[in-house]
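Reading the structure
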Amino acid sequence: MEVYIEFLDSEFGHFPDGRYRLSASFKDKQTRTIYKWVPRWKDVEELFLRAVATEAMNERDSPYLIRFADSGEFAVAMKPKRPPAEKALYRVRTGELDITLYAKGPEEAVNEALKEANRSKKTLGLLTTVVEIVDGVEMHMRTRYYDTVKHLRELGFRVLEEKKTTK
């Protein structure tokens, strides 16, 4: 059985723990009963994606598809640029290791990357390159270089060096 409902309104409220919540009111067209829905974001996302797919199948040049795209652009614009604690995004490269991670600064990025290299048994290079990434663009003027061996020693790692022999 299908029930045809009419969207009435949406409003903000609060959960008992103080967080904001969204609720939507609907009216059953036959019984005139009013329902209130507090959606889970997972359900909203699925409904939105299915609405986009349905409209694309019905009409490729639909004005609704343009509105859906604008809604997506608005959501991207609302996304926070940095994670909590004001961490920045860095790309760290040395030897076999090429990792992108959030850190409070280039020193922390190198420390975490070298620890990851140790965990994953990646071969390190003699030079570690750290590049800050801002809005998806590597900022080469902010590139920093580190002596990998010196940095590992500062972190407390025991570094074995090969002795050079001459004939």
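You'll find the structure just up there.
Heads up: these notes are all about the structure in this document. (Residues numbered from 1 in each chain as written. Predicted model: local features only at pLDDT ≥ 70, side-chain atom pairs only at ≥ 80, totals over all residues. Heavy atoms only, no water.)

Right, let's talk about the pairing of strand β4 (residues 88-94) for a bit. Side-chain alternation along β4 places Ala88, Tyr90, Val92 and Thr94 on a buried face and Leu89, Arg91 and Arg93 on a face that remains uncovered. Here β4 pairs with strand β5 (residues 97-103) via seven bridges, running antiparallel. In the strand pairing of β5, arginine 93 is matched with aspartate 98. Where β4 folds back onto β5 in an antiparallel hairpin, the turn is made up of two residues, including glycine 95, whose phi is positive at roughly 55°. As judged from the five bridges shared by β4 and strand β6 (residues 127-134), these two strands associate in the antiparallel manner. (Buried < 20%, exposed > 50% of the residue type's maximum accessible area, 1.4 Å probe, protein only. Helix = DSSP H or I, 4+ residues; strand = E, 2+ residues; numbered from the N terminus. Pairing = 2+ DSSP bridges.)

This structure, assessed with the given rule, holds seven salt bridges. A salt bridge links arginine 19 to aspartate 17; the nearest nitrogen and oxygen atoms lie 2.8 Å apart. A relative accessible area of 52% means that aspartate 17 is categorised as exposed. Between aspartate 98 and arginine 91 there is a salt bridge whose closest N-O contact spans 2.6 Å. Relative accessible area serves as the criterion here: at 45%, aspartate 98 is assigned to the partly exposed category. Residue arginine 91 is classed as partly exposed on the basis of its relative accessible area of 22%. (Salt bridge = Lys/Arg side-chain N within 4 Å of Asp/Glu carboxyl O.)

As a further point, take the side chain of serine 62. By secondary structure assignment, the location of serine 62 is in the loop between α1 (41-58) and α2 (63-78). At 2.6 Å, the side chain of serine 62 forms a polar contact with the side chain of glutamate 55. A polar contact of 3.0 Å, which involves the side chain of serine 62, links it to the backbone nitrogen of tyrosine 64. (Polar contact = N/O pair within 3.5 Å; in protein donor to acceptor, adjacent residues only side chain to side chain.)

All told, the structure shown has three aromatic pairs when counted by the stated rule. Judged by centre distance (6.3 Å) and plane angle (50°), the rings of phenylalanine 26 and tryptophan 37 are tilted. Highlighted residues: phenylalanine 26 in strand β2 (residues 20-28) and tryptophan 37 in strand β3 (residues 34-37), separated in sequence by 11 residues. Overall, the relative accessible area of 17% leaves phenylalanine 26 in the buried class. Tryptophan 37 gets classed as partly exposed once you look at its relative accessible area, which sits at 34%. A centroid spacing of 5.5 Å and a plane angle of 75° characterise the contact between phenylalanine 48 and phenylalanine 68, whose relative ring orientation is edge-to-face. Of this pair, phenylalanine 48 sits in helix α1 while phenylalanine 68 sits in helix α2, and the two are 20 residues apart along the sequence. According to the relative accessible area criterion, phenylalanine 68 is partly exposed, its value standing at 21%. (Phe/Tyr/Trp six-rings, centres within 6.5 Å; stacked < 30°, edge-to-face > 60°.)

Volume-wise, the largest pocket comes out at about 890 Å³. Taken together, 20 residues line the largest pocket, and the ones lying closest to its centre are Trp41, Val44, Glu45, Phe48 and Ser71. Elements with a contribution of two residues or more to the lining of the largest pocket: β1 (5-14), β2, α1 and α2. Broken down by element, the residue count for the lining of the largest pocket peaks at seven residues, all from α1. For the lining of the largest pocket, a count of residues per class yields 15 nonpolar, three polar and two charged. (1 Å grid on protein atoms, 1.4 Å probe; cavity = no way out; pocket = protein on both sides within 12 Å on 5 of 7 lines; lining within 4 Å. Points joined across faces, edges and corners; volume = space filled by probe spheres on them. Nonpolar A, V, L, I, M, F, W, Y, C, P; charged D, E, K, R; others polar.)

The next thing to look at is the sheet that holds β2. Backbone hydrogen bonds hold the strands of a sheet together, and the pairing may be parallel or antiparallel. Taken in spatial order, the three strands line up as β1-β2-β3 in an open sheet, and their pairing is antiparallel. On the outer flanks of this sheet lie β1 and β3, each paired with one strand and no other. Neighbour-to-neighbour, the strand axes of this sheet turn through a mean angle of 25°, independent of strand direction. Bridging between β1 and β2 involves nine bridges; their strand directions are antiparallel. Its bridge partner being in β2, aspartate 9 is matched across the sheet by serine 25. (Axes fitted to C-alpha atoms, helices over the stretch in contact; angles between N-to-C directions.)

Structural measurements only, silent on function.
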